[in-house]
Amino acid sequence: MAYLYFVWRNLLRKKTRTLLTVLSIVVAFILYAALGTLNYAFSMGVDLAGADRLITIHKTSLIQQLPYSYVNKVRSVEGVADVTHATWFGGYYQDPKNQFPQFPVVAEEYFAMYDTVVLPPEQMEAWRKNRLGAVVGRSLVERFGWKVGDRVPLKALYDKKDGERVWEFVIEGIYEAREGQVVDTSTMFFHYDYFDEARAFGEGTVGWLILRVDSPEVANRVADEIDMLFANSSAETKTSTEKVFVESFAKQFGDIGAIVSAILAAVFFTMLLVAGNTMAQSVRERIPELAVMKTIGFSGASILLMVLAESILLAVAGGLTGVGLAWLFISGAQANLQAFLPGFAMPTSIVFSGALLSVALGFVTGIFPALQGMRLSIVSALGRR
Amino acid sequence: MEQDILVDLKQIEKSYRKGKETVKVLSGLDLEIKRGDFLALMGPSGSGKSTLLNLLGGLDSPTSGSLRIDGDQIDKLSQGQLTRWRARHVGFIFQFYNLMPVLTTERNVELPLLLTKLSKKQRRQHVDTALALVGLQDRAKHYPSELSGGQEQRVAIARAIVSDPTLLLCDEPTGDLDRATADEILDLLRDLNEQQNKTIIMVTHDPKAADHAKHTLNLNKGALEH
Ligand SMILES: Nc1ncnc2c1ncn2[C@@H]1O[C@H](COP(=O)(O)OP(=O)(O)OP(=O)(O)O)[C@@H](O)[C@H]1O
Ligand SMILES: [Mg+2]
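Residue numbers here run from 1 along each chain, matching the order of that chain's written sequence. All chains are assigned letters beginning with A, and all ligands numbers beginning with 1, in the order in which they are written. In keeping with the predicted nature of the model, local features appear solely for residues at pLDDT of at least 70, side-chain atom pairs appear and are counted solely at 80 or more, and the whole-chain, interface and lining totals rest on all residues. Heavy atoms throughout the structure, all of them, feed into the side-chain values; hydrogens and water do not.

Peer 1: Explanation requested: the site of ligand 1 in the structure shown.
Peer 2: All names here are of chain B. Nearness is judged by heavy atoms alone; a residue qualifies as near a molecule or strand once a single heavy atom is within 4 Å of it. Lining the immediate surroundings of ligand 1 are Tyr16, Val25, Pro44, Ser45, Gly46, Ser47, Gly48, Lys49, Ser50, Thr51, Glu172 and His205. Between ligand 1 and glycine 48 there is a distance of 3.0 Å, counted from an oxygen atom to a backbone nitrogen or oxygen. What qualifies as a polar contact is a pair of N or O atoms within 3.5 Å, subject to a donor-acceptor requirement within protein and to the restriction that residues adjacent in sequence count only when both atoms come from side chains. Contact between ligand 1 and threonine 51: an oxygen atom at 2.5 Å from a side-chain N or O atom of the residue. Note that accessible areas follow from Shrake-Rupley with a 1.4 Å probe, and for residues the cover is restricted to the protein chains shown. Against a free-state accessible area of 620 Å², the protein chains account for coverage of 65% of ligand 1. Using only the protein atoms, space was sampled on a 1 Å grid; points where a 1.4 Å probe fits but cannot get out form cavities, open sets with protein on both sides within 12 Å along at least five of seven lines form pockets, and lining residues are those with an atom within 4 Å of a point. More than half of a molecule's atoms lying within 2 Å of a cavity's or pocket's grid points is what places that molecule inside it. Mapping ligand 1 onto the cavity grids shows that it belongs to the second largest pocket. The dominant element in the shell around ligand 1, judged by the number of residues it contributes, is helix H1 (residues 49–56), at three residues. Three residue categories are used. Nonpolar comprises Ala, Val, Leu, Ile, Met, Phe, Trp, Tyr, Cys and Pro, charged comprises Asp, Glu, Lys and Arg, and polar comprises the others, including Gly. Considering only residue class, the shell around ligand 1 consists of three nonpolar, seven polar and two charged. Numbering goes from the N terminus for both helices and strands, where a helix is a DSSP run of H or I of at least four residues and a strand is a run of E of at least two.

Shown next as C-alpha cells:
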C-alpha cells in the first residue's frame, strides 16, 4: 500500500503534465470505443441477416413503393416458400427526436418470417383481434415505459383520409429476442390492412417484399426470376439476399471497418508518442532519486515495477475514463440512432478490449523508461550532479 | 569494549577504464575499522574518498582485494546479493540530502522499512523513534521543500538510521550547510556514535568536521597516509 501511495505521489509530481497526458489518452479511448461500437453495429446488422431470406425492393430506390399485387405474383415463383411485406411508416412519438422503425405488416406472416423474435400466442391473438392493435419490442418498452394496453399516438409521414396526421395505436403485445439470439427489438408493428385503408395516399402499395426460399442454394436463381418477372413494368425490382442487402446498405458509409482501423492506428500511434514521452521525461527527471532508492536497497526489479505501475496506472485511468465517457455518449445517442442502426449499443467486448488495450499502452510506454531505471548505475547516477 | 573489527580491507585496488586508458584510483589499500568507531576520511579532491566510500557501502565492487564487513565477504557478492546486503547493513547520508520530494518527512524515513517485513504499526514506531533521535517529530507531515537544509539533512539521517544499519556512511554531510547548521549535524552524528553506538565513516573536506570524529584518516592519490 505504501508502495502504491509512492507510485501515486510520483504521478502527481507534475500535475499539469499528468493531466494533459491522461486527457489525451481519454480522447483516444473515446474514439476507440465510439468507433468500435459503430463498427460493431454495422457488422452485427450483417450477421443478423438470414441467408435464406430475400428482399425485393424497387429498382430505383428503397423509398419507392411496389404494387401490392407483387406479393401474390412472387408467391407463385418456383422455389419461394413464403412471402410477406413491410412498409416504412416513419412516424415519431411525441417528439421528432423519438424516432424508431414502425412497419405496417401482416401479423402472422411477418412473425413467421422472422423466427428470431417471439411474441406470446395470446398476445398475437389479442393483436389480431384489435384493428388498431400494435406490438412493440422489448427495448422500445424500456425506452418509453410502455405497457400492454397503452394508447400510443404517432405522428407520421402519412396523412390519414380524415386529414389527421396523428395515428393512434393500442399496444397488444411485446415481442422479445428468442433465447440466445441477438436481435434488434426497437421496432413497432401494426396491421397493414388498417394502415392501407386509412392512409390518404399510396393505397395498394407496399415498401418491400420479404421472402423465404426453399434453400439458400436456390436464392440467386429465385432472385433473378423475380426481377425478370417485373422487368419492363412500371415498377422494376431488385431482389437480393438479406445479407447482401444489409451489406450494401452499410457500404453506403464506406468500408467502415477499414476506416475505423486506420483512424485508431493513427490515434494510438500518437498516443504512444505522447504517453511514452511523458514517462521518459518523468524517469529522466528523477534518475538521482531512483539511484537513491537503489542505494537504500530497492532492487532493479522493484524500480522497474514502480515505473511500469506508474505508466499503466496513467494509461488505465485514461482508458477507462475514455470508455466510460464513450458509453455515456452512446447511451445518449442510442435512442436516436437505433432507428437507422439497430443494435447500436456498446458491446461488453469493447469495454474488455479497451481495458486490455490501455494496459498494453501503459506497458509499452513504460517499459523502456522502466528498463532504464532498472539498469541505472548508482555510482554514475549520483556522481552526475 | 572489545577490539571488534567491523570493517577489514586488504589490498584493495580500484581502477576505472576510460576508453583505452585505465585510471587507478585506489591502489593496495589496507584498512581496519573497529565497531563503534567514528572515522573522518579527508584528502584532496580526486584522491578517491567517494570511491572508497562506495566500496564500503557495496555500491561498487573493487577491482581486486578483499573487503570484509561484519563477517560478510562483500567483494564476493553478486549485484542482487549486494542490494539485499545494503538494505540490511548500510545507511547512507549524502551531501545533497537526496530526499524524495513527493513524500513527506515520515514517508521518506519509512522508505527503507518498506523492504522489511515490519507491519504498518511497527514501521510507524520505528519512524517515530528515528525522528525523535534527530529532533524532528514536529515536522513529520512536512515535505522536503518545506524544510531548511539542516532539517532536510536530519531527515536524511533519520532515514539512514531507521532500519538500524551496521554502518553509517556519510559523503560530505555538511558540505552544503552553513557553519552553525553544520555543527548541529556533526553534534547529532557524534551523539549517534556515542549514545547509540553507531559506527560512522564520514568523508569531509572540513577540518572542524573531522574534529567531531574519533579518528581521522588522510587519503592521498589512492593511498592512506597516517
Ligand atoms: N565512474 C568513474 N569513471 C572514471 N573515473 C572515475 C569514476 N569515478 C571516479 N573517477 C575518478 O576517480 C578519482 C577519484 O574520484 P572520487 O570521486 O573518489 O574522488 P573524491 O576524493 O571523492 O573527490 P571529491 O573530494 O572531489 O569528491 C577521480 O580522479 C575521478 O575522476
Ligand atoms: Mg567525493
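Peer 1: Where do I start with the layout of surface pockets in this structure?
Peer 2: Unfilled space is identified by rolling a water-sized probe across the atoms. Grid points are joined across faces, edges and corners, and a volume is the space filled by probe spheres set on the points. Volume-wise, the second largest pocket comes out at about 720 Å³. Those elements giving two or more residues to the lining of the second largest pocket turn out to be helix H14 (378–383) of chain A together with H1 of chain B. Looking at side-chain class alone, the lining of the second largest pocket contains 10 nonpolar, 12 polar and five charged residues.

Peer 1: Can you walk me through the interface of chain B and chain A in this structure?
Peer 2: For an interface, size is often stated in terms of accessible area lost upon the parts coming together. Contact between two residues is taken to exist if any of their heavy atoms lie within 4.5 Å; hydrogens are not considered. Across the contact, 25 residues belong to chain B and 20 residues belong to chain A. Two parts placed together each lose some accessible area under a 1.4 Å probe, and adding up what both lose gives the buried area. With both sides pooled, the region where chain B packs onto chain A buries about 2,000 Å², and carbon together with sulfur makes up 72% of that total. By definition, a salt bridge exists where a carboxyl oxygen of Asp or Glu is found within 4 Å of a side-chain nitrogen of Lys or Arg. Remark: the boundary between chain B and chain A carries zero salt bridges. For the interface between chain B and chain A, the tally reads three residue pairs in polar contact (both at pLDDT 80 or more). Every element with two or more residues in the side of chain B that touches chain A is listed here: helix H2 (79–89) and helix H3 (105–110) of chain B. Looking at the side of chain B that touches chain A, the element that brings in the most residues is H2(B), giving three residues. Split by residue class, the side of chain B that touches chain A holds 16 nonpolar, three polar and six charged.

Peer 1: Would you mind showing me how to read the domain arrangement of chain A here?
Peer 2: Note: domain ranges come from an automatic or database domain assignment. One can read the domain layout of chain A as domain 1 (2–45 + 254–382) and domain 2 (48–253). Here domain 1 of chain A and domain 2 of chain A have C-alpha centroids that lie 45 Å from each other.

Peer 1: Hey, could you run me through the sheet that holds strand S2 (residues 21–34) of chain B in this one?
Peer 2: Sheet strands line up and pair through hydrogen bonds in the backbone, either parallel or antiparallel. Residues and elements named next belong to chain B. DSSP calls a pair of strands paired once it identifies at least 2 bridges connecting them. Here we have four strands laid out as an open sheet, ordered S2-S1-S4-S5, and antiparallel in their pairing. Looking along the sheet, the strands with just one partner apiece sit at the ends: S2 and strand S5 (72–73). Relative to strand S4 (residues 64–69), strand S1 (residues 5–18) runs antiparallel, the two sharing five bridges. Looking at S4, one finds that aspartate 8 is bridged to arginine 68. The strands touched by H1 are S1, S2 and S4; relative to S1, the strand with the most contacts, the crossing angle is about 120 degrees. Helix axes are fitted to C-alpha atoms over the stretch in contact, other axes to C-alpha atoms as well, and angles between N-to-C directions run from 0 to 180 degrees.

Peer 1: For this particular structure, what's the right way to read the pattern of salt bridges?
Peer 2: Where charged atoms from two side chains of opposite charge come close, those side chains can pair. Tallied over the full model, the rule gives 33 salt bridges over all chains. A salt bridge links Glu13(B) to Lys24(B); its shortest N-O distance comes to 3.1 Å. Residue Glu13(B) is found in strand S1, and its partner Lys24(B) is found in strand S2; the two are separated by 11 residues along the sequence. Taken together, the shared-partner salt bridges connect Glu108(A), Glu125(A), Arg128(A) and Lys129(A) into one network.

Peer 1: What am I meant to see in the side chain of Arg17(A) here?
Peer 2: Residues and elements named next belong to chain A. Topologically, arginine 17 is positioned in helix H2 (residues 15–48). Look at arginine 17 and you get buried, because its relative accessible area is 16%. For arginine 17, the residues in contact, after removing those within four places along its chain, are Thr278, Gln281, Ser282 and Glu285. Burial here depends on accessible area, computed with a 1.4 Å probe over protein chains only, as a share of the maximum for the residue type. Under 20% is buried, over 50% is exposed, and the range in between is partly exposed.

Peer 1: Just to check I follow, could you spell out the confidence of the model for chain B for this structure?
Peer 2: Low-pLDDT portions of the prediction should not be read for the details of their coordinates. The share of residues in chain B with pLDDT of 70 or more is 98%, and the mean pLDDT across the chain is 91. Here the prediction assigns the complex a pTM of 0.71, and the interface score ipTM is 0.92. Each residue gets a pLDDT score, which is the predictor's confidence in that residue and runs from 0 to 100.

Peer 1: Just checking my understanding: could you explain the pairing of S1(B) for this structure?
Peer 2: Residue and element names in this part refer to chain B. As judged from the 10 bridges shared by S1 and S2, these two strands associate in the antiparallel manner. Bridge pairing links valine 7 to isoleucine 33 in S2. Between the end of S1 and the start of S2, which pair antiparallel, lie two residues, with glycine 19 showing a positive phi angle near 65 degrees.

Peer 1: Could you clarify how one ought to interpret the sheet that holds strand S7 (residues 167–171) of chain B in this entry?
Peer 2: Residue and element names in this part refer to chain B. Sheet architecture is open: six strands sit in the order S6-S7-S8-S3-S9-S10, paired in mixed fashion. Each having just a single partner strand, strand S6 (90–93) and strand S10 (223–225) make up the two edges of the open sheet. Pairwise comparison of adjacent strand axes, ignoring direction, gives a mean angle of 25 degrees for this sheet. As paired elements, strand S3 (residues 38–42) and strand S9 (residues 215–220) share four bridges and run parallel to each other. The partner of alanine 40 across the bridge, within S9, is threonine 216. Those strands touched by H2 are S6 and S7, and its axis lies near 80 degrees from that of S6.

Peer 1: What is the right way to read the nonpolar core from this model?
Peer 2: In globular proteins that are soluble, nonpolar side chains generally tend to be buried together. Leu9(B) and Leu56(B) are the most contacted members of the largest nonpolar core, which totals 83 residues. The residues touching Leu9(B), leaving out its near neighbours within four places in the chain, are Leu29(B), Asp30(B), Leu31(B), Leu52(B), Leu56(B), Ser66(B) and Leu67(B). Ala198(A), Leu209(A), Val213(A) and Ile226(A) belong to the second-largest nonpolar core, a separate cluster that totals 41 residues. Nonpolar core, defined: a set of buried Ala, Val, Leu, Ile, Met, Phe, Trp, Tyr and Cys residues in which side-chain atoms within 4.5 Å join the residues together.

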